[in-house]
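An overview of the molecular structure
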Amino acid sequence: MKKKIILTKDAPLPIGPYNQAVMVNGILYLSGQIPLTPKMDLIQNDIKKEVNQVMINLKAVLKAANMNFENVVKTSIFLDNMDNFQNVNEVYGEFFKNENAPARETVAVKTLPKNVRVEISMIAHE
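Cut-offs used in this document
Residues numbered from 1 in each chain as written. Predicted model: local features only at pLDDT ≥ 70, side-chain atom pairs only at ≥ 80, totals over all residues. Heavy atoms only, no water. Helix = DSSP H or I, 4+ residues; strand = E, 2+ residues; numbered from the N terminus. Buried < 20%, exposed > 50% of the residue type's maximum accessible area, 1.4 Å probe, protein only. Contact = heavy atoms within 4.5 Å. Pairing = 2+ DSSP bridges. Axes fitted to C-alpha atoms, helices over the stretch in contact; angles between N-to-C directions. Salt bridge = Lys/Arg side-chain N within 4 Å of Asp/Glu carboxyl O. Core = buried A, V, L, I, M, F, W, Y, C linked by side-chain atoms within 4.5 Å. 1 Å grid on protein atoms, 1.4 Å probe; cavity = no way out; pocket = protein on both sides within 12 Å on 5 of 7 lines; lining within 4 Å. Points joined across faces, edges and corners; volume = space filled by probe spheres on them. Nonpolar A, V, L, I, M, F, W, Y, C, P; charged D, E, K, R; others polar.

With that settled, the discussion passes to the environment of Met122. By the secondary structure assignment, Met122 is in strand S6 (residues 118–125). On the basis of relative accessible area, Met122 is assigned to the buried category, the value being 2%. Here the alpha-carbon distance between Met122 and Lys59, two residues 63 residues apart in the chain, equals 10 Å. Beyond its immediate chain neighbours, meaning those up to four positions away, Met122 contacts Leu28, Tyr29, Leu30, Met55, Leu58, Leu62, Phe69, Val72, Lys74, Thr75 and Phe96.

Printed below as a string of structure tokens:
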């Protein structure tokens, strides 16, 4: 198994021992993104803007791997509060066509890195 590391300055650089994404056998595993800008500024206090930043980050990582949201087959959404689900779902949905939307789960968690309210990870295929 040969893995290719994907890294772009158009998304926040990793803040720990992980990579933005790893490609193995045509499958791209994207690490969870939180609402950090590429300059490492944290977007807060507006869940829709937070989710939009997360999706922009994921889009940049996909682009660095020569992919886009149509390649995404699975997403995982982590929320600190399910009361935000509707707003998160609304912004998230703007990035996918319903007929080609990926499989997904959304789970509530106690806390997330940097105490953000949302984190999203993805799996994409060539």
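Turning next to the sheet that holds strand S2 (residues 21–24). The strands making up a sheet are joined through hydrogen bonds of the backbone, oriented either antiparallel or parallel. Reading across the sheet, the 6 strands line up as S1-S2-S3-S6-S4-S5 and stay open at both edges, with mixed pairing between neighbours. One side of each edge strand has no neighbouring strand; the edge strands of this open sheet are strand S1 (3–6) and strand S5 (103–108). With strand direction ignored, the average angle separating the axes of adjacent strands in the sheet is 15°. Sheet topology note: the strand S4 (residues 72–79)/S5 ladder contains 6 bridges and is parallel. Within the sheet, the bridge partner assigned to Phe78 lies in S5 and is Val107. The strands touched by helix H1 (residues 47–64) within the sheet are S1, S2, strand S3 (27–33), S4 and S6, with S6 carrying the most contacts at an inclination of about 30°. The strands touched by helix H2 (residues 85–93) within the sheet are S4, S5 and S6, with S4 carrying the most contacts at an inclination of about 150°.

A word on the pattern of salt bridges. Side chains that differ in charge, positive against negative, can pair when their charged atoms come close. Per the counting criterion, the structure on display carries 4 salt bridges. Lys48 serves as the salt-bridge partner of Glu90, at 3.0 Å between the closest nitrogen and oxygen. In this pair, Glu90 sits in helix H2 while Lys48 sits in helix H1, placing the two residues 42 residues apart along the sequence. Taking the relative accessible area as the measure of exposure, Lys48 reaches 32% and is therefore partly exposed. Of the charged contacts, one joins Glu70 and Lys97 as a salt bridge, the two residues approaching to 3.3 Å between their closest N and O atoms. Here the residue Glu70 occupies a position in the loop between H1 and S4, and Lys97 occupies one in the loop between H2 and S5, the gap between them amounting to 27 residues. Here Lys97 falls in the partly exposed class, since its relative accessible area comes to 48%.

One finds Leu28, Leu30, Met55, Leu62, Ile120 and Met122 to be the most contacted residues of the largest nonpolar core, which totals 28 residues. Those elements that provide at least two residues to this core are S2, S3, H1, S4, H2 and S6. With 8 residues, H1 is the largest single contributor of residues to this core. Setting aside residues up to four positions removed in sequence, Leu62 forms contacts with Leu28, Leu30, Met67, Asn68, Phe69, Val72, Met122 and Ala124.

Time to look at the layout of surface pockets. Size it by volume and the largest pocket reaches roughly 170 Å³. Forming the walls of the largest pocket are 13 residues, and the residues nearest its centre are Ile15, Tyr18, Gly32, Gln33 and Ile34. Sorting elements by how many residues they give to the lining of the largest pocket places S3 first, with 3 residues. A per-class count over the lining of the largest pocket returns 8 nonpolar, 4 polar and 1 charged.

By themselves these figures say nothing about function.
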